[in-house]
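What follows is each chain in one-letter form.
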Amino acid sequence: MAKEIISSSKKLSKFPDIIQGILVGRLMFYNNDPREVVANRKRAFASLGIDLKKVVIQRQEHGNKTRVISGKDQGAGVFDPKAYLKGTDGMITKDKGVFLVVHTADCVPISFYDPKKKIVAIAHAGWKGTADKVGKKSVLKMKEVFNCDLKNIIAYIGPSIGPCCYKIENRDKKITKFKKAFPDCVHEKAKGIYLDLWKANKKQLLEAGVLERNIEESKICTCCSKLDLPSHYREGKKRNRSILSVIGRR
Ligand SMILES: [Zn+2]
């Protein structure tokens, strides 16, 4: 059964006009019975006070495209795996009652809120999206489209694989791309090469102009946390649970 493991980010929970949180369980269609998934989603989102029909789920492409979402997108990807919102890894909305979701199992979910302009956003950043700066692109788009002041944006970097566990092979192609973008987030240790997605995501937000005091890092590693979180790295193809991060205005 899906249960809410972290009700919220401490910084984001100070704003009563939004609902945000992290859900864990059999909440994606992969390796699961679709009817069970919909029932699990209904229950899990209801635990946060969210009507499932108002949720928007993107397929996620491991890129850095972001899109402005509105009420007409509600329900995308919620009941039918063929109906995911396609072509994006980031979503932004000004509309009330539109709940944006990122699904992960090691990749980095980042939730954003500008309490002055009342704009919410969310991004999915795997190693590729991190190197392509989907987080930075998201906040810059908040500024471009909704005139958000970067100094007001609160960001929450959610549970994801930490630098403690994200070991890659020496010949892995991802090193070159990632190292080019974030040379100081690649650590060569005796046992192998480790990527620090947390630091790389925080760095690009600071680079964009988000204030350090407005960035919260969960620092919960999906691979080794005692919370027994879903981890693609640890579980491989048999994985059937996911982490769903959600944010939206009431
Ligand atoms: Zn770890």
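Further up the page is the structure itself.
Residues numbered from 1 in each chain as written. Predicted model: local features only at pLDDT ≥ 70, side-chain atom pairs only at ≥ 80, totals over all residues.

Draft legend 1. Here's a closer look at the nonpolar core. One finds Val56, Leu100 and Phe112 to be the most contacted residues of the largest nonpolar core, which totals 66 residues. Among the elements that take part in this core, strand 8 (residues 119–125) stands out by supplying 6 residues, more than any other. In this view, valine 56 contacts Ile69, Asp73, Gln74, Ala76, Leu85, Met91, Val98, Phe99, Leu100 and Val101; residues no more than four positions away in its chain are not counted. (Core = buried A, V, L, I, M, F, W, Y, C linked by C-beta atoms within 7 Å. Buried ≥ 20, exposed ≤ 12 C-beta atoms within 10 Å, placed from the backbone. Helix = DSSP H or I, 4+ residues; strand = E, 2+ residues; numbered from the N terminus. Contact = placed C-beta atoms within 7 Å.)

Draft legend 2. Fine view of the sheet that holds strand 13 (residues 215–217). Spatial ordering of the open sheet is given by 4-5-8-7-9-13, a layout of 6 strands whose pairing is mixed. Bordering the open sheet on either side are strand 4 (66–68) and strand 13, each of which pairs with just one other strand. Each adjacent strand pair in this sheet contributes to an overall mean axis angle of 15°, direction not counted. The pairing of strand 4 with strand 5 (residues 90–93) spans 3 bridges and is parallel. In the sheet register, arginine 67 faces strand 5, and the bridge partner there is methionine 91. (Pairing = 2+ DSSP bridges. Axes fitted to C-alpha atoms, helices over the stretch in contact; angles between N-to-C directions.)

Draft legend 3. Region of interest: the sheet that holds strand 11 (residues 186–189). Overall, antiparallel pairing links the 3 strands, which are arranged 10-12-11 in an open sheet. Whereas interior strands pair on both sides, the edge strands pair on one side only; in this sheet they are strand 10 (167–168) and strand 11. Sheet topology places strand 11 next to strand 12 (residues 192–195); 4 bridges connect them, and they run antiparallel. The partner of glutamate 188 across the bridge, within strand 12, is isoleucine 193.

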